[in-house]
Amino acid sequence: MAKTPRWFCASLVLGALAGCGNQTQEALARQGLVYCSEGNPESFNPQLGNSGTTIDATAYQLYDRLIDIDAESGAVIPRLAESWQVSGDGRRYTFVLRQGVPFHHTAFFQPGRPFNADDVIFSFARQWDSTHPYHGVSGGDYPFFQSVGLDRLIADIERISDYQVAFVLKHPDASFLANLATDYQVILSAEYAEQLRQQGRPDLIDSQPIGTGPYVFAGYRKDSFIRYHANPHYWDGTVAIDPLVYDITRKSSKRLAKLVTGECDVTSLPVASELDVIADRPELKLQSKPGLNVGFWAFNTERPPLNIPKVRQALALAVDHDSMLQAVYYGTGTKARSLLPSSSWAFDEQAPEPKQDLELARELLAEAGFEKGFDLDIWAMPISRSYNPNARKMAELLQAELAKLNIRVRIVSYDWNSFRRRLARGEHDSVLIGWNSDNTDPDNFFTPVLSCSALASDANRANWCDPAFDALLAQALSTADRELRRKYYLEAQRYLAEQMPVVPIAHSLRFLASQTDVEGMELKAFGAISFVRARRQ
C-alpha cells in the first residue's frame with residue numbers, strides 16, 4: 001500500500017525539518033517512520049528510570065549494552081563486548097570489548113575517540129560509586145541497578161587495557177550476566193561526560209544523550225514528540241529509517257485513530273478492545289506474543305491494616321480473576337498463579353488456581369478484627385501497559401467486589417509522572433501495576449519487585465522487606481545449579497502466597513500494531529521496543 005506522507009507536512013515535528021512538497025521531502029517521507037507512544041520519558045538515560053515508556057524511548061534507539069539476551073533462546077549474546085570469561089570461583093568477569101565503535105556525532109558533541117574501557121567504567125561507576133562525580137547528577141537514583149543489588153554486589157571494576165575490563169564481585173551471583181544484559185545497563189560516553197563537566201553542565205548528559213546506538217537524538221518537546229535521526233556511523237549495519245519520530249499520544253483511542261489514518265506507522269500498547277479493529281483492516285498488521293510479564297495488585301504493607309497478612313489474604317480472595325480476564329484483558333491474558341509466568345523454568349506447577357471466596361475472606365477479616373470493613377484507596381495507572389491494559393476498569397471491578405466485604409474503595413489516579421513520583425513516596429494504600437521482565441532469569445521477577453533492596457530504591461510497590469524472603473533469593477543466586485536454584489524459587493513462591501504482599505492477577509500477550517509496509521519490527525517476549533531493523537517495503 002502506498003503511504004500518504006501527509007504527516008510530513010501536517011506535523012509540527014517534521015515540518016521543522018524543512019518545507020514540504022518537494023522531492024526531497026517525499027523521499028524522506030518514504031524513509032521516515034512515526035511511532036505513536038503513550039507518554040513522556042522520565043529521562044533519556046534508562047539507568048535513571050524503570051518505566052516501560054522511558055525504556056521504549058531510549059534503550060535500543062540511542063544505546064548499546066555490553067551484552068544482550070537472545071529473544072528466542074534466552075542465551076546471553078555479545079554486543080559491545082565480543083567475549084567474556086568467568087573465573088572458577090564465579091567472582092571475576094573479564095570482558096573483551098569490540099573495537100572501532102563510534103559514539104554519536106551531534107551539534108553538541110563530536111567524539112574524539114571510539115568506545116573503549118573508559119566508557120564501560122564510567123557507565124557503571126556512575127551508578128555504583130557514590131563518590132563518583134556523576135553519581136548524584138539527575139538525582140542519584142538508579143532504580144534497576146539498586147533494586148537488583150548490583151551496587152552491593154560489585155567489589156571493583158578494573159581497567160585491564162583499552163579493550164579489556166574486569167568486574168570483581170563480592171560473591172558469586174548467578175544472575176549477574178542477565179542483569180548486565182538488561183535494557184538499563186547502557187554504555188554512555190566518558191569523553192562526553194568530561195566535556196559537560198568542563199562546561200559546568202553535567203546534567204545535560206541525561207537530556208542531550210550520546211550513545212553508540214542506531215539513532216541520534218535530535219529533539220524533544222514534552223507531551224508532543226521525540227525526534228531521532230539515523231546514525232550514519234552505526235557500527236552494526238545501515239539504519240534504514242530516517243527520521244524516527246515518537247508522536248506522544250496519551251489516549252489509546254487516539255493512537256488507534258492515528259494508525260488507521262496513517263499519521264502513525266507503528267503504535268504502542270493497543271488495548272484489547274481495539275485488537276479486532278486492527279485485525280479487520282487490511283492496511284494494518286498485528287503481531288502478538290506471550291509476554292514475560294505479570295499484572296498485580298500491590299498492598300502498601302507499611303500501612304494498617306494492610307500490614308496484617310490475614311487482611312491481605314482476605315483482599316486476595318475478593319479478586320474475581322475470571323471477570324478481570326474478560327473485562328480488562330478481553331481474552332488476551334491468562335490467570336496468574338504466581339508472579340512467574342508458567343513458561344519460566346522456576347514456575348511452581350503446584351501453585352493452586354486463584355479462586356474468589358468471599359466467605360473465607362469475611363472469616364479472615366473477622367479474625368483480623370475488621371469484620372466491619374475499612375476504607376481503602378486503590379491507585380489505578382492512567383496509562384495502558386502490556387501487563388494491565390486498563391487499570392481503571394480493574395479498579396472498578398475490585399471496588400464492586402470489595403463492597404460486598406464492607407470495604408469502601410476510593411479509586412485514585414494522577415498523570416503518569418506524578419503517579420510514579422507519589423508511588424515512590426509511598427503515598428498509596430494499594431496500586432494496580434505490574435512488571436515486564438527484562439530477561440529470562442526468574443530472579444528478575446522477585447528481586448526488582450519485592451526484595452529489601454528494591455524497597456531501598458523505591459521500586460518495591462508493596463513497601464515489603466522480609467529477610468526470610470531475601471534469604472531465599474540470595475540462596476538461589478549463590479549457585480549456578482539450576483535444579484538447586486529452582487528449589488529455592490519454589491520456596492519463595494510459596495512464601496509469597498502466604499504473605500501476600502501482592503496479588504498476581506494476569507500474564508498477558510504483548511501486541512504490536514503497524515502499517516503493513518513496515519517490516520523488521522521485532523516483537524519480543526520481554527524488554528523494550530527496537531527500531532534498529534525497521535524498514536519500509
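Residues numbered from 1 in each chain as written. Predicted model: local features only at pLDDT ≥ 70, side-chain atom pairs only at ≥ 80, totals over all residues. Heavy atoms only, no water.

A. The arrangement of the pattern of salt bridges in detail. In the structure shown here, the tally under the stated rule is 38 salt bridges. The salt bridge partner of R79 is D236, with a shortest N-O separation of 3.1 Å. Pair noted here: R79 is in the loop between β3 (76-78) and β4 (81-86) and D236 is in the loop between β9 (225-230) and β10 (244-248), with a separation of 157 residues, a long-range link. Judged by its relative accessible area of 15%, R79 falls in the buried class. Under the relative-accessibility criterion, D236 is labelled partly exposed at 22%. For E519, the salt bridge goes to R535, with nearest N and O atoms at 3.4 Å. Of this pair, E519 sits in strand β19 (residues 518-519) while R535 sits in strand β20 (residues 535-536); the two residues are 16 residues apart in sequence, bridging distant segments of the chain. (Salt bridge = Lys/Arg side-chain N within 4 Å of Asp/Glu carboxyl O. Helix = DSSP H or I, 4+ residues; strand = E, 2+ residues; numbered from the N terminus. Buried < 20%, exposed > 50% of the residue type's maximum accessible area, 1.4 Å probe, protein only.)

B. Structural context of the sheet that holds β4. The sheet built from 4 strands is open, its strands ordered β4-β5-β7-β6 with antiparallel pairing. Strands with a single pairing partner mark the edges of an open sheet, and in this sheet they are β4 and β6 (154-161). The average angle at which neighbouring strand axes cross in this sheet is 20°, direction not considered. Here 6 bridges tie β6 to strand β7 (residues 164-169), and the two strands are oriented antiparallel to one another. Along β7, the bridge assignment pairs D156 with V168. Sitting on the sheet, helix α5 (residues 117-128) touches β5 (92-97), β6 and β7, and the angle it makes with β6 is about 165°. (Pairing = 2+ DSSP bridges. Axes fitted to C-alpha atoms, helices over the stretch in contact; angles between N-to-C directions. Contact = heavy atoms within 4.5 Å.)

C. Focus on the pairing of strand β16 (residues 408-412). Bridge count for strand β15 (residues 375-380) against β16 is 5 bridges, and the pairing is parallel. Paired with I378 across the strands is I411, a residue of β16. Handedness of the β15-helix α15 (residues 391-403)-β16 crossover: right-handed. (Right-handed = clockwise from strand over helix to strand, strands pointing away.)

D. Main features of the confidence of the model for the protein chain. With 94% of its residues at a pLDDT of 70 or more, the protein chain shows a mean pLDDT of 92. Every residue in residues 1-25 scores below 50 in pLDDT, and together they form 42 contacts with partners more than four places removed in sequence or on other chains. (pLDDT = per-residue confidence, 0-100.)

E. Helix α14 (residues 358-367), seen in detail. Within α14, the full set of buried residues consists of L358, A361, L364 and L365. Within α14, the buried residues cover an arc of 115° as seen down the axis, which keeps them to one side. On its buried side, α14 packs onto α12 (309-317) and α15. Near the N-terminus of α14, the side chain that reaches the backbone nitrogen of E359, with its oxygen 3.4 Å away, is that of D357. Taken from the residues just after α14, G369 is the one with a positive phi, measuring 90°. (Arc of directions from axis to C-beta. Polar contact = N/O pair within 3.5 Å; in protein donor to acceptor, adjacent residues only side chain to side chain.)

F. Region of interest: helix α16 (residues 416-424). Of all the positions in α16, only W416, S418, F419, R420 and L423 are classed as buried. Looking at the buried residues of α16, the elements they touch are α4 (52-62), β15, β16 and β17 (430-436).

G. Molecular detail of the nonpolar core. Among the nonpolar cores identified, the biggest contains 151 residues, and L66, W297, L402 and F531 are the most heavily contacted of them. If you look at the next biggest cluster of nonpolar residues, it comprises 5 residues, including L256, L259, L284 and A513. (Core = buried A, V, L, I, M, F, W, Y, C linked by side-chain atoms within 4.5 Å.)

H. Quick look at unusual backbone geometry. The residue after D242, namely P243, is reached through a cis peptide bond having omega 0°. Looking at the element boundaries, P243 is found in the loop between β9 and β10. Cis geometry marks the peptide bond from P304 to P305; its omega dihedral reads 0°. The residue P305 is located in the loop between β13 (293-299) and α12 in this model. For N406, which is not glycine, the phi dihedral falls at a positive 65°. Position of N406 among the secondary structure elements: in the loop between α15 and β16. Its relative accessible area of 42% is what places N406 among the partly exposed residues.

I. Molecular detail of the state of the cysteines. Summed over all chains, the structure comprises 2 disulfides. Disulfide pairing places C36 opposite C264 at an S-S distance of 1.8 Å. Linking C36 and C264, the disulfide has an S-S dihedral of approximately 45° and is accordingly described as right-handed. On the criterion of sequence distance, the pair formed by C36 in strand β1 (residues 33-37) and C264 in the loop between α10 (252-261) and β11 (266-267) is long-range, its members being 228 residues apart. The pair C36 / C264 is uniform in exposure class, with both members buried. Shown here is the disulfide that connects C452 with C465, its sulfur atoms set 2.0 Å apart. One disulfide, between C452 and C465, carries an S-S torsion of 100° and so falls in the right-handed class. Here C465 lies in the loop between α18 (452-456) and α19 (467-477) and C452 lies in helix α18, a separation of 13 residues in the sequence. On the basis of relative accessibility, which here comes to 18%, the residue C452 falls in the buried class. Here C465 falls in the partly exposed class, since its relative accessible area comes to 40%. Here the protein chain pairs its bonded cysteines, counted in sequence order, in the arrangement 1-2, 3-4. (Disulfide = S-S within 2.5 Å.)

J. Fine view of the packing of α19 against helix α20 (residues 482-499). Viewed as axis vectors pointing N to C, α19 and α20 meet at an angle of 165°, and their least axial separation amounts to 8 Å. Here α19 is positioned roughly antiparallel relative to α20, judged by the angle of their axes. For the pair α19 and α20, the crossing hand works out as left-handed. Here A468, F469, L472, L473, Q475, A476 and L477 of α19 come into contact with α20, specifically with R485, Y488, Y489, E491, A492, Y495 and L496. Across the contact of α19 with α20, the residue classes break down as 11 nonpolar, 1 polar and 2 charged. (Parallel < 35°, antiparallel > 145°, perpendicular 65-115°, else oblique. Left-handed = near helix turned anticlockwise from the far one by under 90°. Nonpolar A, V, L, I, M, F, W, Y, C, P; charged D, E, K, R; others polar.)

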